[in-house]
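In case you want the letters, here they are:
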Amino acid sequence: MSHLPLPLYGFAAFFMIFWFGTWCVHLIAICYGKYKLHKKSCKLPTESSPLPGVSILKPLMGVDPNLQHNLETFFTMDYPLYELLFCVEDKHDPAIKLVEQLLDKYPLIDAQLFVGGSDVGVNPKINNIHPGYMAAKYDFLMISDSGIKMKNDTLLDMVQNMSEQHALVHQMPFTCDRDGFAATFEKVFFGTVQSRIYLSADALGINCHTGMSCLLRKAVIDQLGGLRAFGCYLAEDFFIAKRVTELGWKMRISNQPALQNSGLCDIGSFQARLIRWAKLRVAMVPTTILLEPLSECLVLGALAACSASLLFAWDPLVFYLVHILCWFLSDWLLLSIVQHGSMPFHKFEFVIGWFFRELSGPYLFLHALWNPAIRWRTRTFKLHWGGVAYELPLNNTPASESLIAPLQPAPTLLTATTAAAAAATTTTTTTSTTGAGAGTGPLPTAKHRLLVS
Ligand SMILES: CCCCCCCC/C=C\CCCCCCCC(=O)N[C@@H](CO)[C@H](O)/C=C/CCCCCCCCCCCCC
Ligand SMILES: O=c1ccn([C@@H]2O[C@H](COP(=O)(O)OP(=O)(O)O[C@H]3OC[C@@H](O)[C@H](O)[C@H]3O)[C@@H](O)[C@H]2O)c(=O)[nH]1
């Protein structure tokens, strides 16, 4: 041992410490997940402190087989005061027809449709929802992506997590039970590697905000310059959380994880999404270039096994195999906590899904480093270090990144007048009437379209 160069012992000691730290992260995630997730809040509204109104922004782009069902869950929530602000950028988007059908079906729900988006920055999601944000009338703002499904009490759970010190409550990303290996892979990813980081980050107060379902204090966002202030970033979620906490407000996850339920579920598009997210993280938090590969089970296990062999003369193969087995069991435990019920797949499928995730993780990360162009739906972007984004011209799009589902054919929805009006502009608004709470009593529908230029 003594003839080996000294720096090698330094590296070995570093990897052993990092390995130990990673196991602490496992432990924190399991304990915190057990404590926090699926807990029913006992804070009930009283007459002196009724539940606040919530303006819910729904950015939509295209239609998938589950979209109608997912959107419908927003019309049937058990929450007394909310408005739904559906936002669609493209006037030919088939989502418009779907939303209009839902507005007809639920005339009692306070809901509007904004078509045309805005141009307040580079981020297409922010551009899409900005008209809805400008029209939002309640003190609380929820941003909820198109693939999210709500339980009856999800909004209540989020609002009850918003204490006096909090300005941001977000749902930890997870998935609905769906059929097929791609769905298993998604559940394994979100319920293991992602939950581990997300839960420990929340427990330790580290910003890990993924903005697919979040509740915000509107006054705080207004104070920060409005949503337009985040239009220059692609990862608006991370920067919203950063600025909100810099003002002294707290953020935390809600008790219920987010139920992603997109009807398009395939390995290629999911991997493309993970690569896109990794590119965002690398640009925003460059230390992840080292941290992420190092915190992968197979990579860290190999490094720790060599280090243990060097420092303590332990058998590296035995060390490596025990490390993988313990990691696997700990991931199963965490996934069971997040799922909080029976698993939609057999244990054997978990084994396959887990190994697939572990083997593909480092590859996807390298892929993200290799090609910095970011393909998101119909557009391609690049990021400056720090996270500010710029859009690339269309012909600059690498073909290998086009792993997304195309928009479905345009519907024959728009009437001659509205089509002409929409073509002439700008923003079209379809308004359904007032009233909140699901379907209480009959009501005349006063539906009208407004043209806001
Ligand atoms: C000693 C152990 C150190 C562990 C280091 C862990 C390194 C990170 C490994 C995996 C990252 C998984 C990230 C999961 C969720 C991120 C999803 C995402 O990318 N969302 C983006 C798009 O919506 C969003 O803009 C990004 C938000 C957060 C980015 C945060 C990056 C920093 C991650 C470092 C967290 C360390 C937590 C350590 C806890 C002790
Ligand atoms: O061009 C676009 C792309 C996306 N969107 C909307 O933005 C939402 C999220 O889009 P996707 O589902 O494609 O993307 P992700 O689930 O990966 O989003 C995630 O990563 C990027 C962050 O900015 C988001 O806040 C986060 O939810 C959807 O509701 C989608 O309709 C647009 O309105 N316009």
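Calculation rules
- Residues numbered from 1 in each chain as written.
- Chains lettered and ligands numbered in written order.
- Predicted model: local features only at pLDDT ≥ 70, side-chain atom pairs only at ≥ 80, totals over all residues.
- Heavy atoms only, no water.
- Salt bridge = Lys/Arg side-chain N within 4 Å of Asp/Glu carboxyl O.
- Helix = DSSP H or I, 4+ residues; strand = E, 2+ residues; numbered from the N terminus.
- Buried < 20%, exposed > 50% of the residue type's maximum accessible area, 1.4 Å probe, protein only.
- 1 Å grid on protein atoms, 1.4 Å probe; cavity = no way out; pocket = protein on both sides within 12 Å on 5 of 7 lines; lining within 4 Å.
- Points joined across faces, edges and corners; volume = space filled by probe spheres on them.
- Contact = heavy atoms within 4.5 Å.
- UniProt positions renumbered as here; feature names shortened; annotations may be inferred.

(A) A look at the pattern of salt bridges. Tallying each qualifying case throughout the model produces 16 salt bridges. The shortest N-O distance in the salt bridge between D153 and K40 comes to 3.1 Å. Linking D153 in the loop between strand 5 (148–149) and helix 5 (154–160) with K40 in the loop between helix 1 (6–36) and strand 1 (54–60), this pair joins segments that are 113 residues apart in sequence. A relative accessible area of 24% places D153 in the partly exposed class. Judged by its relative accessible area of 67%, K40 is exposed. A salt bridge links R357 to E358; the nearest nitrogen and oxygen atoms lie 3.4 Å apart. By the burial criterion, R357 is buried, and E358 matches it. Taken together, the shared-partner salt bridges in this structure form one network comprising E89, R379 and E391.

(B) Summary view of the layout of surface pockets. Its volume calculated, the second largest pocket comes out at about 410 Å³. Broken down by secondary-structure element, the contributors of at least two residues to the lining of the second largest pocket are helix 5, strand 7 (173–175) and helix 12 (316–339). Per-element tally for the lining of the second largest pocket: the top contributor is helix 5, with three residues.

(C) View of the side chain of S195. As for its position among the elements, S195 is in helix 6 (residues 181–204). Apart from residues lying up to four places away in sequence, S195 is in contact with A29, M172, F190, S200, L334 and V338.

(D) Layout of the UniProt feature "transmembrane region" (unreviewed entry) in the protein chain. The residues that UniProt annotates with the feature "transmembrane region" (unreviewed entry) are residues 6–33, 289–312 and 318–338. Between the C-alpha atoms that bound residues 6–33 there is a distance of 41 Å. The span itself is 100% helix and 0% strand. With 100% helix and 0% strand, residues 318–338 has end C-alpha atoms that lie 30 Å from one another.

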